[in-house]
Amino acid sequence: FTLGHAKVIEHLHKQNGLPTIIFLVKSKTKKKEDAFKRPFDESLQVSMIKKVMKEYPIENVFVINTGAIDKMFNELRPKYEPVLWGTGSDRLKTYGFQVNNPKYREDLGVDDDFRLEEIPRTDDNISATKVRNSLLDGEELVYRSMVPKSMYGMFRILKTELEQSVGALEESVLTFSEFKK
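Counting starts from 1 at the beginning of each chain's written sequence and moves along it residue by residue. Side-chain atom pairs in this predicted model are given and counted only at pLDDT of 80 or more, local residue features only at pLDDT of at least 70, and totals for whole chains, interfaces and linings cover all residues. Just so you know, side-chain values use all the structure's heavy atoms and leave hydrogens and water out.

Asks: Could you give an account of the packing of aromatic side chains, naming the residues involved and the relevant values?
Replies: Two aromatic rings from Phe, Tyr or Trp, using only the six-membered ring of Trp, form a pair when their centres are within 6.5 Å; if the ring planes differ by under 30 degrees the pair is stacked, by over 60 it is edge-to-face, and anything between is tilted. The final tally for this structure, using the stated rule, is eight aromatic pairs. Taken together, a centroid distance of 6.1 Å and an interplanar angle of 10° make the contact between Phe73 and Trp85 stacked. Placement of Phe73 in helix α4 (residues 69-76) and of Trp85 in strand β3 (residues 84-88) is noted, with a sequence separation of 12 residues between them. Here's how the labels work: a residue is buried when its accessible area is under 20% of the maximum for its type, exposed when over 50%, partly exposed in between, all with a 1.4 Å probe on protein chains only. Given the relative accessible area of 0%, Phe73 is considered buried. Seen from their ring centres, Trp85 and Phe114 are 6.5 Å apart, and the 75° between their planes marks the pair as edge-to-face. You can see Trp85 sitting in strand β3 and its partner Phe114 sitting in the loop between α6 (102-108) and β4 (115-119), a full 29 residues away along the chain. Take Trp85: its relative accessible area is 8%, and that puts it in the buried class. Only runs of H or I of at least four residues qualify as helices and only runs of E of at least two qualify as strands under DSSP, and these elements are numbered from the N terminus.

Asks: Before we move on, could you go through the environment of Glu118 and cite the residues and values that matter?
Replies: With respect to the helices and strands, Glu118 occurs in strand β4. A residue is classified by how much of its surface remains accessible, and Glu118, at 32% relative accessible area, is partly exposed. Taking the C-alpha atoms as reference points, Glu118 and Gly96, separated by 22 residues in sequence, lie 9.3 Å from one another. Whether two residues are in contact is decided by their heavy atoms, any of which lying within 4.5 Å being enough. Discounting chain neighbours no more than four positions away, the residues touching Glu118 are Thr87, Ser89 and Leu92. Nitrogen and oxygen atoms within 3.5 Å of one another constitute a polar contact, given that in protein one can donate a hydrogen and the other can accept it, and given that sequence-neighbouring residues count only through two side-chain atoms. A polar atom in the side chain of Glu118 sits 2.6 Å from the side chain of Ser89.

Asks: Explain the environment of Ile49 residue by residue, including any values.
Replies: Positionally, Ile49 belongs in helix α3 (residues 42-53). For the pair formed by Ile49 and Asn60, sequence separation is 11 residues and the distance between their alpha carbons is 9.1 Å. Ignoring anything within four residues of it in the chain, the contact list for Ile49 reads Phe1, Ile22 and Val61.

Asks: Outline the pattern of salt bridges, listing residues and values.
Replies: Side chains carrying opposite charge are able to pair once their charged atoms draw close together. Should a side-chain nitrogen of Lys or Arg be within 4 Å of a carboxyl oxygen of Asp or Glu, the pair is scored as a salt bridge. Within the structure shown, the criterion is met by seven salt bridges. Across the salt bridge formed by Arg156 and Glu140, the nearest N and O atoms sit 3.8 Å from each other. Residue Arg156 is located in helix α9 (residues 155-172), and its partner Glu140 is located in helix α8 (residues 140-144); the two are separated by 16 residues in the primary sequence. We classify Arg156 as exposed; its relative accessible area is 56%. Between Lys159 and Glu163 there is a salt bridge, with its nearest N and O atoms 2.5 Å apart. Residue Lys159 and its partner Glu163 are located together in helix α9, separated by four residues, close to a single helical turn. Of the residues examined, Lys159 reaches a relative accessible area of 15% and is grouped as buried. Accessibility expressed as a relative area gives 35% for Glu163, which makes it partly exposed. In the salt-bridge network here, residues are joined through shared partners; they are Glu140, Arg144 and Arg156.

Encoded structure:
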């Protein structure tokens, strides 16, 4: 969780003052690059978000195994009725197809005012890759400059988990001569 994520939360909350909900999409399939890009297990990620909930206007977090908007709606209802969907520029096309598709909207029974809100990436956004690199490099001050204050105390555990994840990946890589055997 970076200050870039916090920017999205604050932006959405300012739009309408309604509860902000986070979806943690945890695919059941693993890819090799996940060792660095998605090194933290579900319980650690939920723990991060719960810490951040004390600092930002987040009401709830849902863990789901797909980014399909209909599945997300099913998780939210009946307690919450989505009225605004926030996404970074990097996922705008994917979510835009779903949110703006008349058939999808009809099938989901969304409110006419339901819309997608793009939160553009700027130079001020904090990259999760940069945060992970600061963890691997042991640069706690750099880490602190890119995450919410509520996460400062997680530096050591996140560093350890990331190192273990990347270490497991390195152990699984074969040299060419090992591969030939």
